[in-house]
Amino acid sequence: MATNMRGLTQFIADIRGARVRELEEKRINKEMANIRKRFKDGNLDGYQKKKYVAKVIFTYILGYKVDIGHMEAVNLISSSKYSEKQIGYLAVTLLMHENSDFLRLVVNSIRKDLNDNNEIHNCLALHAIANVGSQEMAEALAEDVHRLLISPTSENFVRKKAALTLLRLYRKHPDVIPAQEWALRIVSIMDDPDLGVVLCVTSLILALAQDHPDAFAICYQKAVDRLNRLVVEHEYPATYSYYKVPIPWLQVKLLRLLQYYPPSDDPTLQIMLQEVLQTIMNNCNEPSRNVQHNNAQHAVLFEAINLAIHLDTNSPLVNTAAVLLARFISSKETNVRYLGLDTMAHLAARTDNLEAIKRHQGTIILSLRDKDISVRRRALDLLYSMCDVDNSELIVGELLRYLKVADYGLREEMVLKIAILTEKYASTYKWYVDTILELLSAAGDHVGEEVWYRVVQIVTNTDDLQAYAAKVVFEYLKSPSSHESLVKVGGYILGEYGHLIANEPGYSPIEQFQVLHSKSQFCMAPTRALLLSTYIKWVNVFPEIKPQLVNVFERYRHVLDVDLQQRACEFYALSLRPEDDELLPNVCEEIPPFPPRESALLNRLNKKHGENEEKRPWAASGSLERQPSKMMRKPTLEADTSGQRSNSNGDISQDIASSLAGLDLTSSPVAMQSPPLSDPSVTLAAKGIPRLTAGPNVDRWFEKLLYTPEGVLYEDVQIQVGIKSRYQGPVGQVAVYIGNKMSAPLTSFTTALHNEEGEALSASFVKIAPSTLAPKTQIQQIVQVECKKVFRKPPILVVSFLAGAHQAIAARLPIVITKFLEGVKLGPADFFERWKLIGGPPREAQSIFPISLDATGHIDLAKQRQVVSGHGFQILEGIDPNPSNIVGAGIVHTAVDGKVGCLLRLEPNREAKLSRITLRSTSEEVASEAQKLLQKPLSTDATSGPAEKRTL
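Computed from a prediction, not measured in an experiment: that's the story for all the values here.

**Q** Explain the packing of helix 21 (residues 392-403) against helix 23 (residues 429-443) to me, please; I cannot follow it from the model alone.
**A** The relative placement of two packed helices comes down to the angle between their axes together with the axis-to-axis distance. Across the interface, helix 21 lies against helix 23 with an axial gap of 10 Å and an inter-helix angle of 15°. The orientation of helix 21 with respect to helix 23, classified from their angle, is roughly parallel. You can see that helix 21 and helix 23 cross each other, and the crossing is left-handed. Taking contact as the criterion, the partners of Ser392, Glu393, Val396, Leu400 and Leu403 in helix 21 are, on helix 23, Trp431, Thr435, Glu438, Leu439 and Ala443.

See the structure below:
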C-alpha cells in the first residue's frame, strides 16, 4: 500500500515527525482541508479516491473525528480492483456505525460481492458484514451468507468465514436467523472433510443448539461420530495435529456440544462415547514435559470429564476422573489447579457419593489460601458443593476461620454460602445459632439483609431454640463492638424472647436494656426504629424498667427523622395508658410463626452467580440437592407416587388369566388413549424432524410390509430403501438396506431413528452409518428392536444426505405390535371357552368394512389368509362351520407386561361385499390396535373415512 501511494507515505511520515500535538493537528487540518476540496471538486480517479480515503482512515485511527470520505468509500466498494475495494471496505467498517444511513447504499454492493465468483471479494464482503453487523444488513444479507456456507462450489476458507459471519449475526440479532429452517443443512456440514470448516460450523451450532435443541438434535450423532474418528480411529490430516493432540479446539467444542443434550438412549452411541472418553483419559496418564502438549491435552481432558459427569456420575469413567482430578488439584501450575477444582466442583454438585472427593478435603481447604484469587474462589465453590451432613461442621468452621482473612471480593459470597450450609446441614439448633451469630459478628458489612432475616424466621418458628438464642445473642452484644446486623438480630430476639431468660442471673431486664441501648448510638435510623419496637415490647413484659424506656421514647419524640419521631410518639402514648388497658398487650403480642417459605439465601446466591459467570451447560454450586439434616427437614405434602393405578377390570383380568391357563395368557393393565398410527408429521416438524415423505406408493409399500417380512420401503431416482425383518418373542431384528442409485456419491449421509414411545418400544442401530455412500453401492443398517409394552406409533427412519442440495427422507418403519405376535394352535372347545371368558367390550374390537371380490366374483380368501397369517395369527381350521370365515389365535410378547392373548374372527359376506372383523384380547389396547392393522389391507378403500363400528 505504501509503495503504491506516495502521498499517503509522506503524510504518515509528516505526522510521525511532528514533535508536539499542535504541529500534528496543524498538519492534519491542512490535509483534511485539501481532501475536502478534492472531494468537492470531483473528477477523481480510483487511485486518487483510494489514496485520500486511506488518509482519512489513518486520521480516524489516530483518534481524530472525520466527517468526510463516506460517499467515496461507498464508491470504492463498487470498484473491480482489489486494492480499491479493500480500502473501501476498510473505510466502511471503521467509519460507519451500524445505524449509519450510508450503510443502505452499500448493501447491494456487498450482495454483489457475495454472489461474485471471486473468493477474495466474497471474503471482503463477509468481513464487512461481520464487523458492522447491523440489523438492516443482517435482514438483507443473511440468506446470501447462508448460501455461501452451504454451496458446494465455495472454497473452504470462504465457508469458514461464512460460518463465523452467521455466528456473529446470530449473537447480535438472533431473530433474523431462521435457525430451525436451516438446521439440517448446517448440521450436515459437520461431515465435511475439511476440519477447519467443521470447526467453524461447530462454533455456529454451539450457539444455535442452545436456543433450538430439538431442531439441531441430529448434531449429537454427528458429534459422537466425529469424536470417534478423531480420537479412536485417528482420522485427521497431520496439519491439524497440535503437539500430537488431534485438533484440540474441535474436540473441546464437540464435547461441550454433547453436554447441551440429555444422554442418548442409543446403545451404539453410548458405547462409542464411552470409548472416546476412556481413550482421552488414558492419553493423559502419560505426563509430558512439553507445556503446549499438556495444555492442549488438559483442555480436552477437562471437557471430557465434564461430559462423563453429565452422562452418568456412577460410571467407572467418573471414578477414573476423580483420581485424575485429585492429581490436578495438587499441581504446581495455577491453571491446572484452577481447572481441577472447577471440574471437581461440577462432580460434587452432580454426584450422590462424595467419598472420592472427601479423601482430598485437606488439599481443598489448603487451596483457600492459594496466592491466586481465582483458585481460592474455585476452592470455595468446591467446598460448598461437597458439603453434607457428615462434614458440614468441619467445612463451615474452616470457612468461618478463613472469612476473617479472606479477600473483600470473596466475603459476600462466602457469607451467603456459610449461611446456606449452616441452615441446610445443621446437626443441632444450638450449633446453628452459634455459627450464624459468629458469622454475623465476623462478617461485618458483608452480611446481607437476607442472612439475618432467615435467622429471625428460624428462631421464631422453633420454640426450643428461643431461650438459647436470646442468651447467646446477649453475650455477643456484651462485647465492646458489635456489628449492626448483630444488633438487629439482638433487638428482635431479645424483644420477643428476652422474658424467657429475665429470671436468670446476669440476664435481668435492666441488664438487657443497658447492653442493647448502649449499641443504639452507633446504629443507623432503621436499626434504631427496630430497637424502639423492642422497647415497647419490654414496656409490656418488664414493668420494672418502664421509666427508663419511657425516657427513651421522650427523647426520640424530638429527633429529625420522621419515622423515628412517629414511632416514638406512638410508643410514648401507648406506654402512658392505664395498666388495666388492653390495647398495649394486644399491640405487643408475640410474633406468630412465619409461614413455610423457600430460603431467600439460595435465590440471592443464584442471582449472584448469574451476574458474574458465563453461560454454561451446567451450573456449578447452584443448588444443593442432597438430603438436608433431619433437624432442618420440613414435612411437606407429597403427591401419591406409588405408581399404582385403579383398574375396574382388575379382578376380571385375573379370572380370565386363570381360566386361560393352558394358553398362558396374562392381562395388561396399561392404558393408552392416543389414536393408532396417527400421522406424526406435525409433531415431527415441531421437533426439527422432516415431515414424512409423501407419495402414492409409500403408504402402499409400508402397509404391505406390515404383513410381509421383506420388501421395498421407499424408492426414488436417487435412493432405494429395502427392509428384511425377523422376530422372536419380544425382540426383533430389522435389516435396512439403503442403496445409492446415482453415479455420484452421497455425502453427509446420516441415518437416524425417532421413536415417540421410547418407554414401550426400544429401537436402535447396531452401528452408525458411514458418512459417504459411494455410487451404485448399498449399505446395511441393522435395527435392534424390543417390545416392552403395548405401543401404537411405529418408529420413524430419517435418511439425510447431500446430493447437490440437502435432502431428507422420513418413512415409518414397519414395526407394529402385531410383529411381536406368535400364532397358537387351539381346538374348537379351547377357542370358544377362551372367546367366552374374554367377553365383549372393552376387550373386544369390532368393525364392518367393504371388501372387493376377485375377477371371478368370489371372495379373495388367499389374500385374506395371507394378511391374517402375515400379522402373526395362527389360522385355526375347523373352528367355524362357514369355510369362508377365518379364525385365528396368537400371543403378543412384551418384555415388561408379559404375554397378551389375542383371538380373531373374520367373517366376509360375498353378497353384501362387506366383512366383519372381531378381535378379543386380554388387553383392550391390543384388540383395538390389531383390529385397525388388519382392517387396513383388507378393506376396499382405506381412505374412504372411518368404517362403520358395530357391537355384537
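The rest of the description comes next.
**Q** What exactly am I supposed to notice about the sheet that holds strand 10 (residues 805-812) here?
**A** Backbone hydrogen bonds hold the strands of a sheet together, and the pairing may be parallel or antiparallel. If you trace the three strands from one edge of the open sheet to the other, you get 6-9-10, paired in antiparallel fashion. The two strands at the open ends of the sheet, each matched to only one other strand, are strand 6 (747-754) and strand 10. Between one strand axis and the next, the sheet turns through 15° on average, direction left out of account. One ladder, built from eight bridges, connects strand 9 (residues 796-803) with strand 10; its direction is antiparallel. What sits directly across from Phe801, in strand 10, is Gln807.

**Q** Which parts of the structure should I look at to understand the pairing of strand 8 (residues 778-787)?
**A** With nine bridges joining them, strand 5 (residues 731-740) and strand 8 adopt antiparallel strand pairing. In the strand pairing of strand 8, Val736 is matched with Gln781. In this sheet, strand 8 lies alongside strand 7 (residues 761-765) in antiparallel orientation, the contact comprising five bridges. Each residue of the ladder has a partner; that of Phe765, found in strand 8, is Val783.

**Q** What is the right way to look at helix 15 (residues 291-311) in this model?
**A** For an α-helix the count is 3.6 residues per turn, leaving residues at separations of three or four pointing the same way. With 21 residues, helix 15 ought to run about 30 Å at 1.5 Å a step, and its terminal C-alpha atoms sit 30 Å apart, in line with that. Burial within helix 15 is extensive, with 17 of its 21 residues counted as buried. A distance of 3.0 Å separates the backbone nitrogen of Gln292 from a side-chain oxygen at the start of helix 15, and that oxygen is part of Asn290.

**Q** Help me out: how do you make sense of helix 26 (residues 484-497) in this one?
**A** Taking 1.5 Å of rise per residue, 14 residues should cover 20 Å, and helix 26 covers 20 Å from first to last C-alpha, within 8% of that figure. Among the 14 residues of helix 26, 13 are classified as buried, and the element is accordingly described as predominantly covered.

**Q** Could you clarify how one ought to interpret the packing of helix 14 (residues 267-283) against helix 15 in this entry?
**A** Direction vectors running N to C along helix 14 and helix 15 enclose 140°, while the axes themselves pass 9 Å from each other. Here helix 14 lies oblique to helix 15, going by the angle between them. In terms of crossing hand, the pair formed by helix 14 and helix 15 is left-handed. Touching Leu273, Leu277, Ile280, Met281 and Asn283 of helix 14 are Gln297, Val300, Leu301, Ala304, Ile305, Leu307, Ala308 and Leu311, all from helix 15. Among the residues making up the contact of helix 14 with helix 15, the classes are represented as 11 nonpolar, two polar and no charged.

**Q** Please explain unusual backbone geometry as it appears in this structure.
**A** Trans peptide bonds make up the majority, and among non-glycine residues the majority have a negative phi. Residue Pro842 is bonded to the preceding Pro841 through a cis peptide linkage, with omega at 5°. Looking at the element boundaries, Pro842 is found in the loop between helix 36 (828-838) and strand 12 (844-850). Of note, the phi angle at His234 is positive, near 55°, even though the residue is not glycine. For His234, the position within the fold is in the loop between helix 12 (219-232) and strand 1 (241-242). At Lys913, a position not held by glycine, the phi torsion is positive, near 55°. Relative to the helices and strands, Lys913 is located in the loop between strand 15 (898-909) and strand 16 (914-921).

**Q** Mind showing me how you'd approach the pattern of salt bridges here?
**A** Pairing between side chains becomes possible if they bear opposite charge and their charged atoms approach one another. Taken as a whole and assessed by the stated rule, the structure comprises 41 salt bridges. Linking Asp390 and Lys358 is a salt bridge whose minimum nitrogen-to-oxygen distance equals 3.8 Å. In this pair, Asp390 sits in the loop between helix 20 (373-386) and helix 21 while Lys358 sits in helix 18 (residues 355-358), placing the two residues 32 residues apart along the sequence. Asp390 sits in the exposed class, given a relative accessible area of 67%. With a shortest N-O distance of 2.6 Å, Glu423 and Arg454 are connected by a salt bridge. With Glu423 in helix 22 (residues 408-425) and Arg454 in helix 24 (residues 449-461), this pair connects stretches of sequence that are 31 residues apart.

**Q** Teacher, can you tell me more about the confidence of the model for the protein chain here?
**A** The predicted coordinates should not be examined in detail at positions where pLDDT is low. For the protein chain, the mean per-residue pLDDT works out to 83, and 88% of the residues sit at or above 70. Mean pLDDT across the secondary structure elements of the protein chain bottoms out at helix 33 (residues 650-659), with 33, and peaks at helix 13 (residues 248-258), with 95. The model gives residues 633-682 a pLDDT under 50, and that stretch makes 73 contacts with residues more than four places away or in other chains.

**Q** Mind showing me how you'd approach the pairing of strand 15 here?
**A** Each regular strand shows side chains that alternate between the opposite faces of the sheet. For strand 14 (residues 886-894) and strand 15, the ladder comprises nine bridges, and the chain directions are antiparallel. If you follow Val887 over to strand 15, its bridge partner there is Arg905. Counting the residues that bridge the hairpin from strand 14 to strand 15 gives three residues. Pairing analysis gives eight bridges linking strand 15 to strand 16, with the strands arranged antiparallel. When the sheet's bridge partners are listed, Cys902 is paired in strand 16 with Ser921. What sits between strand 15 and strand 16 in their antiparallel hairpin is a turn of four residues, with Lys913 showing a positive phi close to 55°.

**Q** Where do I start with the nonpolar core in this structure?
**A** General note: in soluble globular proteins, nonpolar side chains tend to be found buried as a group. The biggest cluster of nonpolar side chains holds 211 residues, and the ones touching the most others in it are Ile110, Ile205, Phe216 and Leu439. Looking at this core, the element that brings in the most residues is helix 11 (residues 195-211), giving 12 residues. Sequence-distant contacts of Phe216, defined by excluding residues within four places in its chain, comprise Ala179, Ala183, Val187, Ile205, Leu208, Ala209 and Tyr261. Grouped together as the second largest cluster of nonpolar side chains are 58 residues, Leu746, Ala769, Leu797 and Phe849 included.

Definitions and limits used
Residues numbered from 1 in each chain as written. Predicted model: local features only at pLDDT ≥ 70, side-chain atom pairs only at ≥ 80, totals over all residues. Heavy atoms only, no water. Axes fitted to C-alpha atoms, helices over the stretch in contact; angles between N-to-C directions. Helix = DSSP H or I, 4+ residues; strand = E, 2+ residues; numbered from the N terminus. Parallel < 35°, antiparallel > 145°, perpendicular 65-115°, else oblique. Left-handed = near helix turned anticlockwise from the far one by under 90°. Contact = heavy atoms within 4.5 Å. Pairing = 2+ DSSP bridges. Expected span 1.5 Å × (residues − 1). Buried < 20%, exposed > 50% of the residue type's maximum accessible area, 1.4 Å probe, protein only. Polar contact = N/O pair within 3.5 Å; in protein donor to acceptor, adjacent residues only side chain to side chain. Nonpolar A, V, L, I, M, F, W, Y, C, P; charged D, E, K, R; others polar. Salt bridge = Lys/Arg side-chain N within 4 Å of Asp/Glu carboxyl O. pLDDT = per-residue confidence, 0-100. Core = buried A, V, L, I, M, F, W, Y, C linked by side-chain atoms within 4.5 Å.

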